[in-house]
Amino acid sequence: MASEEASLRALESLMTEFFHNCTTNERKREIEELLNNFAQQIGAWRFCLYFLSSTRNDYVMMYSLTVFENLINKMWLGVPSQDKMEIRSCLPKLLLAHHKTLPYFIRNKLCKVIVDIGRQDWPMFYHDFFTNILQLIQSPVTTPLGLIMLKTTSEELACPREDLSVARKEELRKLLLDQVQTVLGLLTGILESIWDKHSVTAATPPPSPSSGESGGDLLSSLLQSPSAAKLLNQPIPILDSESEYICSLALECLAHLFSWIPLSTSITPSLLTTIFHFARFGCDTRARKMSSVNGSSQNSVLGQERGRLGILAMSCINELMSKNCVPMEFEEYLLRMFQQTFYLLQKITKENNAHTVKSRLEELDESYIEKFTDFLRLFVSVHLRRIESYSQFPVVEFLALLFKYTFHQPTHEGYFSCLDIWTLFLDYLTSKIKSRLADKEAVLNRYEDALVLLLTEVLNRIQFRYNQAQLEELDDETLDDDQTEWQRYLRQSLEVVAKVMELLPTHAFSTLFPVLQDNLEVYLGLQQFVVTSGTGHRLNITAENDCRRLHCSLRDLSSLLQAVGRLAEYFIGDVFAARFNDALTVVERLVKVTLYGSQIKLYNIETAVPSVLKPDLIDVHAQSLAALQAYSHWLAQFYSEVHRQNPEQFISLVSTALEAITPLISSKVQEKLLLSACHLLVSLATTVRPVFLIRIPAVQKVFNRITDTSTQRLPDKAQVLVCRALSNVLLLPWPNLPESEQQWAVRSTNHASLISALTREYRHLKSSAILPQRKVRLEDTKVIIHQTLSVLEDIVESISGESTKSRQICYQSLQESVQVSLALFPAFIHQSDVTDEMLSFFLTLFQGLRVQMGVPFTEQIIQTFLNMFTREQLAESILHEGSTGCRVVEKFLKILQVVVQEPGQVFKPFLPSIISLCMEQVYPIIAERSSPDVKAELFELLFRVLHHNWRYFFKSSVLASVQRGIAEEQMENEAQFSAIMQAFGQSFLQPDIHLFKQNLFYLETLNTKQKLYHKKIFRTTMLFQFVNVLLQVLVHKSHDLLQEEIGIAIYNMASVDFDSFYSAFLTEFLASCDGVDSNQKNVLGRNFKMDRDLPSFTQNVHRLVNDLRYYRLCNDSLPPGTVKL
């Protein structure tokens, strides 16, 4: 023993030294190596057994257990059976002897090690593994230990990790399922007996009505049985800490079991009722009160523990709720579960003298509320359609409770989660009505009151007038996912408003419009407070209280304008005529408001609190323009209805809107407001397209402002938008008019002069570009290029989907600028920021105007690019210029993608040079780089080359296929085809998962569309190489997220020639696998059944991969020199 004793002392001092804060990293590495070497020795476990029983040092115990864990999970196969028996008997004895005194983390680790042995050996060599656990649970002294063992068993055996064969995984699951009924019975018994033992006896007087514990009518209607209601109204027992601990372990076990066992009658009504009893702990505020009154820390811990029981019980309920597959016999249980949960919901939303609902919810544990909200979401999303048809389930009363619960949430996050539930409910209702048009009215009538109530309350919640304290807590500065907390709050609320509007348009409108009207009155009334001062106009409202009220009213007006804009889509299409008057009222108000804001220049006014009121006034003005823009589709429909007869009202609306826009198009106006005005102008020019737009003085004014070089240029974004609007006024066909009345000649001349004015400086660059640039000049030139190209690119993009005539005129106007761009390109080839913008412009031209550009010029452009992008230039861009350089090459490849997709013969002559550029110049530079830059674009281009130019490689003649019965095409350009395929194969060996997914999809598409895998060259020289690579990827688990896609691709490839796959490939694949012996290879081969349907085949693939990994793991763990028979 001396040596064991000495080893233990040495280990203790090593461990203490390792975790001492003065130990250097170097020394730590030495100690680690020493410990690892010790663990690898055969028989090290005997020392560890002695250490475990003889030390009190936590580090030593943890190390010893890790040695056992390693032995059992990685080396068990090679352990002599005598040693295994000894370990199986010693470790449980050790656990029984010390479980009360061991620290909890050591005890849990020891349980896990014993369960690991069961995972390997039960029931064959360790037949009493599970019966021991059941005995532990049944003996009162060891119940907690038994429950920990049971939970660990459920975690480790039901969903085991990789290190078991598929057959063993299936066997374990079956063994566990056989035990489920017994286990659930035991757990029910434990929870029931503890509850009954501590329950307050019947002698207790009933609670007084004021305490708010009485059930009320809804409860009896929910539960359909007075006895159940009586049961749930019993006071909650007060548990001692030992009982509480046992209950929490039992509930944790249940939650884990429910995560994998199927719903069945083993989950009995008495078990469900018991879980609900415990769920009541979470909504019992008295437990928390008691703790705070008595003030002792002991009691407050008790209060938290009781709350935790409620949380654990709700976790169990949610595990059951999340299962969508409900057997018929279980439906009744579900109904009972809902009834019981809604009893709880009623309990936590109950108002009485002592409590408001909100203060009641604030007292509950946040996690409990979270679990409860999860339950409600699962109920609405998964089960509502099932339950709604039960006559005994009062859905409307449930909505009333959900309403109370939603609008008394103590936190913003809680409120958001509840709004999500309402959104799910509204979606459910909308789809139900669409599928059952016959009784649409009946369905709506049933829910109408609830929806109107919801709408009113959500609208109140976004207004400072009713909800100032809460709204002021929301952050409107920091962006998260491109929106601030306040914007998210408003957006989610408006989504609910919009969904109600879809179901109840008249109600929704009559609720929203009066509220908007009230706030508009305040805003329109500001005019009387505007006074002229020496420096300009000033708003004469100075009292602090008045300023605060004005601030709130303006914030609300801004929100309500957004609401009105969000509803625009419900006034167009089929309902245009029916809801015309409501929409007209809205649009007239909006036009009036925008004009008013622009005329009295509220955005430039001085106020008493400039930091608050000025942004408010700008925001209201911007939102009124944005709301009006939302109605542009309605205006377009209005125009098409009235253009023949009395269009006066329409003309007046559009002209007034333009009067409101024009003064704002100035570099002196704040950007937020300027951009809103520009967007509205674009919508009027693009969506509404009135024929008289060009004749309106306001529009002519904008034309002059934009083409006059002496005025200050607008900020980039605004300049681009205004130019797009003006170009569209001239280019887009007018609706409702025949071709002969479109006045194309005049419009074409005007468009040419507009573009000429916008590109004057740019076109002058052509002469100076040839000269060497001075630094200052270069920067100026870059600015001109950037400003011009951003405008031109946007103009082309906005008409790319329009009629041929519009595109012709556009190209005629742009022709000279395009030629200038091509001439400038070589001069700037080394300035990647300029090249990037130029290529963006050319890409847009190719996508939108390639037909108009004509073949000769397009060829000239492509040739110029191919000449400029030499191998050296590509290498410089990709390797030395960082992301901009890579972007340049990517855009160049995108242009080529457009070229190779073009049908017809025009660009076919370029194919050889495009393929050689890809394979000989770009590919070698990027193939070995780990960075994904350029790769995705290159492979997309290669895919397009194959997909759109299949005949370039495979010439199939109809005659040949008729004669031979099966088309064995002549192959052309074989070397290029093979090189492309090889590049695809190489890409599957790289870690980038996005590229892998994209390329796998490309191959599968080529197979679906062109039968790639069936082609002789692929079948004979590449097919099984690809299958091999894909199988290796699965074995190495490098792209696990794509398991399913890889399995399907392997099937599609193998199915081309199943006979060869089973007779030749599989045998070769297994023969080439290292790390497994011949016997194991035979087993792997035998287990791969010769199925030919997709589901069975992919299952066989995953089984093969799993078992191959498992065998390798086993073999790695055998001691050296082991002889295997």
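The rules behind each value
Residues numbered from 1 in each chain as written. Predicted model: local features only at pLDDT ≥ 70, side-chain atom pairs only at ≥ 80, totals over all residues. Heavy atoms only, no water. Helix = DSSP H or I, 4+ residues; strand = E, 2+ residues; numbered from the N terminus. Buried < 20%, exposed > 50% of the residue type's maximum accessible area, 1.4 Å probe, protein only. Contact = heavy atoms within 4.5 Å. Areas by Shrake-Rupley, 256 points an atom, 1.4 Å probe, with all protein chains shown as cover. Core = buried A, V, L, I, M, F, W, Y, C linked by side-chain atoms within 4.5 Å. Phe/Tyr/Trp six-rings, centres within 6.5 Å; stacked < 30°, edge-to-face > 60°. Salt bridge = Lys/Arg side-chain N within 4 Å of Asp/Glu carboxyl O. Axes fitted to C-alpha atoms, helices over the stretch in contact; angles between N-to-C directions. Parallel < 35°, antiparallel > 145°, perpendicular 65-115°, else oblique. Left-handed = near helix turned anticlockwise from the far one by under 90°. Nonpolar A, V, L, I, M, F, W, Y, C, P; charged D, E, K, R; others polar.

Draft legend 1. Expanded view of the overall build of the protein chain. Each helix and strand counted, the protein chain has 52 helices and 4 strands in total. A principal-axis box enclosing the C-alpha atoms of the protein chain has dimensions of 105 × 85 × 70 Å. By the burial criterion, 54% of the 1125 residues in the protein chain qualify as buried. For the protein chain, contacts bridging at least 24 residues in sequence account for 75% of all contacts bridging at least 6. For the protein chain, the accessible surface area stands at approximately 50500 Å², while carbon and sulfur atoms represent 53% of it.

Draft legend 2. Molecular detail of the nonpolar core. One finds Leu 91 and Trp 634 to be the most contacted residues of the largest nonpolar core, which totals 395 residues. Considering each element in turn, this core owes the most residues, 12 residues, to helix H9 (residues 166–198). With near-sequence residues (within four places) excluded, Trp 634 lies in contact with Phe 571, Ile 572, Phe 576, Phe 580, Ala 583, Leu 584 and Val 587.

Draft legend 3. Representation of the environment of Ser 154. Within the secondary structure, Ser 154 sits in helix H8 (residues 143–158). Spatially, the C-alpha atoms of Ser 154 and Leu 176 are 8.2 Å apart, while their sequence positions differ by 22 residues.

Draft legend 4. Spotlight on the packing of aromatic side chains. One pass over the structure, following the stated rule, counts 75 aromatic pairs. Ring centres of Phe 842 and Phe 865 lie 5.3 Å apart, and the angle between their planes is 80°; on these two criteria the pair is classed as edge-to-face. Here Phe 842, found in helix H37 (residues 832–853), pairs with Phe 865, found in helix H38 (residues 855–868); they are 23 residues apart in sequence, far enough to count as distant. A single burial state applies to Phe 842 and to Phe 865, both of which are buried. When the centroid spacing of 6.2 Å and the interplanar angle of 75° are considered together, the rings of Phe 988 and Phe 1026 count as edge-to-face. Placement of Phe 988 in the loop between helix H45 (974–987) and helix H46 (993–1010) and of Phe 1026 in helix H48 (residues 1023–1036) is noted, with a sequence separation of 38 residues between them. A relative accessible area of 1% places Phe 988 in the buried class.

Draft legend 5. Structural detail: the pattern of salt bridges. Under the definition given, this model contains 43 salt bridges. Arg 548 serves as the salt-bridge partner of Glu 544, at 3.0 Å between the closest nitrogen and oxygen. Of this pair, Glu 544 and Arg 548 both sit in helix H25 (residues 544–566), 4 residues apart, which is roughly one turn of the helix. Given the relative accessible area of 43%, Arg 548 is considered partly exposed. One network of salt bridges, with partners in common, ties together Glu 69, Lys 109, Lys 112, Asp 116 and Arg 119.

Draft legend 6. Structural view of the packing of helix H22 (residues 464–473) against helix H23 (residues 485–503). Close contact between H22 and H23 brings their axes to 11 Å; oriented N to C, the two are set at 140°. One way to sum up the angle between H22 and H23 is to call them oblique. Read as a crossing pair, H22 and H23 show a hand that is right-handed. Note on element contacts: H23 touches H22 through Glu 485, Trp 486 and Tyr 489, opposite Phe 464, Asn 467, Leu 471 and Glu 473. Split by residue class, the contact of H22 with H23 holds 4 nonpolar, 1 polar and 2 charged.

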